[in-house]
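Here is how the chains run, residue by residue.
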Amino acid sequence: MACSLLPSAAPFFPSPSCRRVQPLSPCARPFQPSPPPSRVVLVRWTPPPPGWYKVSFDASVYNDGSRRASIGGAIRDGAGRVVLAYAEQTEHSTVGIVEARAMIRGLRLALALGLQRVVVEGDDLVLVQLLRGEETQTRIPVAMQEEIVGLLRCFPGRDVRHIYREGNQVAHTLCRQAYHGPGVWVGGCNRLPPAVWEKAEEDRRGVAHERTVLRAG
């Protein structure tokens, strides 16, 4: 059925005054779309349960032509004390693969210490969801995934968790440390590089960091 919008068949032409475009005022602001709604959340590192150890890991990859890449991480006890930390340069690759290397290195060091129960925590959400069985999408080769799963099975108690980057500052700082002072540090916080020690102390005191996230919906 045809729809008739006007009872008259005569076409409507706006008058010249209607067609005239009014210039914008010099003070008028150009149109800017409204930013998506967001909120600020507080993120803080939390220690593992008593008798457990937390393995925090992170990766750094530069795509500026320098082909720099590094891994870093720390193993801490239930009181937030650093038992071991590592910062090493590695072969340049994709972020997903370098993040997986950082986790593998942390797990191997935890096994070398004879730890039995570990919480492995990083800010690579894709990798964490893959290992938790919450996602099938992956950015790493199957062989690397199988290696991580095999290492995790060596621990009688194990868990893999995601944390926002703001709560992963010790591992992130260790990645930067790898470019000018790589190493493996075993023992108390006083053995760590000063920048790493400062972040570790903030975590131990429960310092929170702000993160802006988009509102759902």
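Values in this document were obtained by computation on a predicted structure and should not be read as measured data. (Residues numbered from 1 in each chain as written. Predicted model: local features only at pLDDT ≥ 70, side-chain atom pairs only at ≥ 80, totals over all residues. Heavy atoms only, no water.)

Participant: Please clarify how the sheet that holds strand S4 (residues 82–89) should be interpreted in this entry.
Facilitator: What holds strands together in a sheet is hydrogen bonding between their backbones, with the strands either parallel or antiparallel. Spatially, S6-S5-S2-S3-S4-S7 is the arrangement adopted by the six strands of the open sheet, whose pairing is mixed. Two strands lie at the open edges of the sheet, namely strand S6 (157–162) and strand S7 (183–186), each paired on one side alone. Going across the sheet, the axis of each strand differs from the next one's by a mean of 10°, ignoring polarity. Of the pairings in the sheet, the one linking strand S3 (residues 69–76) to S4 comprises seven bridges and is antiparallel in character. (Pairing = 2+ DSSP bridges. Helix = DSSP H or I, 4+ residues; strand = E, 2+ residues; numbered from the N terminus. Axes fitted to C-alpha atoms, helices over the stretch in contact; angles between N-to-C directions.)

Participant: What's the story with the environment of Lys 199 in this structure? I'm lost.
Facilitator: Mapped onto the elements of the fold, Lys 199 is located in helix H6 (residues 194–204). In this structure the C-alpha to C-alpha distance between Lys 199 and Gln 169, which are 30 residues apart in sequence, comes to 6.5 Å. Excluding its chain neighbours within four sequence positions, the residues that come into contact with Lys 199 are Gln 169, Val 170 and Thr 173. (Contact = heavy atoms within 4.5 Å.)

Participant: Hey, could you run me through the environment of Asp 124 in this one?
Facilitator: Along the chain, the position of Asp 124 falls in the loop between strand S5 (117–122) and helix H3 (125–131). Asp 124 sits 67 residues away from Phe 57 along the chain, and the two C-alpha atoms are 9.3 Å apart. Discounting residues that sit within four places of it in the chain, Asp 124 has contacts with Gly 96, Glu 99, Arg 139 and His 162. A polar atom in the side chain of Asp 124 sits 3.2 Å from the backbone nitrogen of Val 126. (Polar contact = N/O pair within 3.5 Å; in protein donor to acceptor, adjacent residues only side chain to side chain.)

Participant: How should the packing of helix H5 (residues 169–177) against H6 be read in this particular structure?
Facilitator: Relative placement of two packed helices is described by the angle separating their axes and the distance separating the axes. Look at H5 against H6: their axes get within 9 Å of each other, and the N-to-C directions meet at 175°. By the angle class used here, H5 and H6 are roughly antiparallel. Residues Gln 169, Val 170, Thr 173 and Leu 174 of H5 lie in contact with H6, whose contacting residues are Ala 195, Val 196, Lys 199, Ala 200 and Asp 203. Residues belonging to the contact of H5 with H6 are distributed by class as follows: five nonpolar, two polar and two charged. (Parallel < 35°, antiparallel > 145°, perpendicular 65-115°, else oblique. Nonpolar A, V, L, I, M, F, W, Y, C, P; charged D, E, K, R; others polar.)

Participant: How should I be thinking about the nonpolar core in this particular structure?
Facilitator: Considering soluble globular proteins, one finds that nonpolar side chains tend to be buried as a cluster. By size, the foremost hydrophobic cluster in this structure holds 31 residues, and its most contacted members are Met 103, Leu 107, Leu 127, Ile 140 and Ile 148. Elements with a minimum of two residues in this core: strand S2 (53–61), S3, S4, helix H2 (95–112), S5, H3 and helix H4 (142–152). Tallying contributions element by element places H2 first for this core, with nine residues. (Core = buried A, V, L, I, M, F, W, Y, C linked by side-chain atoms within 4.5 Å. Buried < 20%, exposed > 50% of the residue type's maximum accessible area, 1.4 Å probe, protein only.)

Participant: What's the story with unusual backbone geometry in this structure? I'm lost.
Facilitator: Working note: non-glycine residues mostly have negative phi, and peptide bonds are mostly trans. Phi is positive for Arg 67, close to 55°, though the residue is something other than glycine. For Arg 67, the position within the fold is in the loop between S2 and S3. On the basis of relative accessible area, Arg 67 is assigned to the exposed category, the value being 55%.

Spatial relationships are all this shows, so hold off on functional conclusions.
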